[in-house]
Amino acid sequence: MNVAEPSVPDTDTERLERLLAYERSLYLRGLTRIAGVDEAGMGPLAGPVVAAAVVLPMDRGIMGADDSKKLTARRREALSAEIRGVAIAWSIGIASAREVDRWNIRVAGLVAMRRALLALDPVPEHVLVDARAVPDLPWPQEQRIQADAHWHAVACASILAKVHRDRLMRRLDARYPSYGFARHKGYGTPEHLTALREHGPCPAHRRTFQWRDSADAQHALAPRKESER
């Protein structure tokens, strides 16, 4: 009988080599400025969508880079500082909560990524994108599902985007302290839904998102106080 060997998680070195493999094949084709782009904040009920684009030197990999969702907040902060320190170029693009409402979340995410890419200086020669094509770019681009787990530049971009958005949500928390933005970053946690039920939306909320139904459902499921029975 064959017994499957248990999988062994990548070491940081193995993960880095795996992430860099495709970009190295592009360097062999003569490309030197490869941009990765990714966004953060597609799912929350509040706050902007934030995208980051980054071009790294050919000979420099960021040890520990990975899909930002797999990293702790402290690790993301440290890696973000390293990425910004060594990058040939990096930039941030933002689509506000009002723009999310105006266009829809899918379009807003694409707009944020396009803004980030167009702000790069020097400009890239080739763009790697997570999941979907960014419209109206002047450079060739390639997409891959979960690119932040497979392509180094996109993993680095995902870290920059997540760190920047978290900082913006902490600023919104100081402006609108009733909602707990610093803790949940705008996602529909029980705490956030309860605050929405009690206070209604603030200017940072996405009015087209179905937060009201979620808040009502959360209220129905929550244990009631003696005075509410």
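Everything below is about the structure shown above.
Residues numbered from 1 in each chain as written. Predicted model: local features only at pLDDT ≥ 70, side-chain atom pairs only at ≥ 80, totals over all residues. Heavy atoms only, no water.

Asks: Would you take a moment to explain unusual backbone geometry for this structure?
Replies: It is generally the case that most residues other than glycine have a negative phi and that most peptide bonds are trans. Residue Pro 122 follows Asp 121 across a cis peptide bond; omega there is 5°. Note that Pro 122 resides in the loop between helix H4 (105–118) and strand S4 (126–130). Positioned with a positive phi, Asn 104 is a non-glycine residue whose angle comes to about 120°. Structurally, Asn 104 can be placed in the loop between helix H3 (97–103) and H4. Despite not being glycine, Lys 185 has its phi angle at roughly 60°, a positive value. Along the chain, Lys 185 falls in the loop between helix H6 (181–184) and helix H7 (190–199). (Helix = DSSP H or I, 4+ residues; strand = E, 2+ residues; numbered from the N terminus.)

Asks: Can you help me understand the packing of aromatic side chains in this one?
Replies: Overall, the coordinates contain two aromatic pairs when judged by the stated rule. Measuring from centroid to centroid gives 5.4 Å for Tyr 22 and Trp 151, while their planes differ by 20°, and the two rings are stacked. One end of the pair, Tyr 22, is in helix H1 (residues 12–28); the other, Trp 151, is in the loop between strand S5 (141–144) and helix H5 (152–175), and 129 residues separate them in sequence. Overall, the relative accessible area of 5% leaves Trp 151 in the buried class. Aromatic side chains Tyr 179 and Phe 181 sit 5.5 Å apart centroid to centroid with 10° between the ring planes, which places their arrangement in the stacked category. With respect to class, Tyr 179 is no different from Phe 181; both count as buried. Positioned above the aromatic ring of Trp 90 is the side chain of Arg 84, whose terminal nitrogen or guanidinium carbon lies 5.8 Å from the ring centre. A cation sits over an aromatic face here: Arg 206 above Phe 209, 5.1 Å from the ring centre. (Phe/Tyr/Trp six-rings, centres within 6.5 Å; stacked < 30°, edge-to-face > 60°. Buried < 20%, exposed > 50% of the residue type's maximum accessible area, 1.4 Å probe, protein only. Lys NZ or Arg CZ within 6 Å of the ring centre and 35° of its normal.)

Asks: Sorry if this is basic, but what is going on with the pairing of strand S1 (residues 34–40) here?
Replies: A regular strand places its side chains on the two faces of the sheet in alternate fashion. Where burial is concerned, most of S1 is hidden: seven out of the seven residues are buried. Burial of S1 is two-sided: the residues Ile 34, Gly 36, Asp 38 and Ala 40 facing one way and the residues Ala 35, Val 37 and Glu 39 facing the other way are all buried. Of the strand pairs in this sheet, S1 and S4 are connected by four bridges, and their pairing is parallel. Considered in S4, the bridge of Ala 35 is made with Val 127. (Pairing = 2+ DSSP bridges.)

Asks: Sorry, what's going on with the sheet that holds strand S2 (residues 49–55) here?
Replies: Strand-to-strand pairing in sheets goes through backbone hydrogen bonds, with the strands running parallel or antiparallel. Read across the sheet, five strands follow the order S3-S2-S1-S4-S5 without closing on themselves; strand pairing throughout is mixed. Looking at the sheet topology across the chains shown, the edges are occupied by strand S3 (89–95) and S5. Averaged over all pairs of adjacent strands, the angle between strand axes in this sheet comes to 20°, irrespective of strand direction. Packing of H1 onto the sheet brings it into contact with S1, S4 and S5, and relative to S4 it is tilted by some 160°. (Axes fitted to C-alpha atoms, helices over the stretch in contact; angles between N-to-C directions. Contact = heavy atoms within 4.5 Å.)

Asks: Teacher, can you tell me more about the layout of surface pockets here?
Replies: A probe matching the size of a water molecule, rolled over the atoms, marks out where space remains unfilled. The calculated volume of the largest pocket comes to roughly 290 Å³. As for the largest pocket, its lining consists of 16 residues, of which Glu 39, Ala 40, Ser 68, Lys 69 and Tyr 187 are closest to the centre. The set of elements that each furnish at least two residues to the lining of the largest pocket consists of S1 and H5. A breakdown of the residues in the lining of the largest pocket according to their chemical character gives three nonpolar, four polar and nine charged. (1 Å grid on protein atoms, 1.4 Å probe; cavity = no way out; pocket = protein on both sides within 12 Å on 5 of 7 lines; lining within 4 Å. Points joined across faces, edges and corners; volume = space filled by probe spheres on them. Nonpolar A, V, L, I, M, F, W, Y, C, P; charged D, E, K, R; others polar.)

Asks: It is not clear to me how empty space enclosed by the protein should be interpreted in this structure. Could you clarify?
Replies: All told, the structure shown has one cavity of 30 Å³ or more when counted by the stated rule. Roughly 60 Å³ of internal volume is contained in the largest cavity. Every residue along the wall of the largest cavity is listed here: Leu 20, Glu 23, Tyr 27, Ile 34, Leu 56, Pro 57, Met 58, Arg 60, His 152 and Ala 153. Elements with a contribution of two residues or more to the lining of the largest cavity: H1 and H5. The leading source of residues in the lining of the largest cavity is H1, at three residues. Here the lining of the largest cavity is composed, by residue class, of seven nonpolar, one polar and two charged.

Asks: Honestly, the environment of Glu 125 in this entry has me stumped. Any pointers?
Replies: With respect to the helices and strands, the residue Glu 125 is situated in the loop between H4 and S4. Overall, Glu 125 belongs to the partly exposed group, its relative accessible area being 27%. Spatially, the C-alpha atom of Glu 125 lies 7.3 Å from that of Thr 32, the residues being 93 residues apart in sequence. When neighbours within four sequence positions are excluded, Glu 125 is seen to be in contact with Leu 31, Thr 32, Arg 33, Trp 139 and Pro 140.

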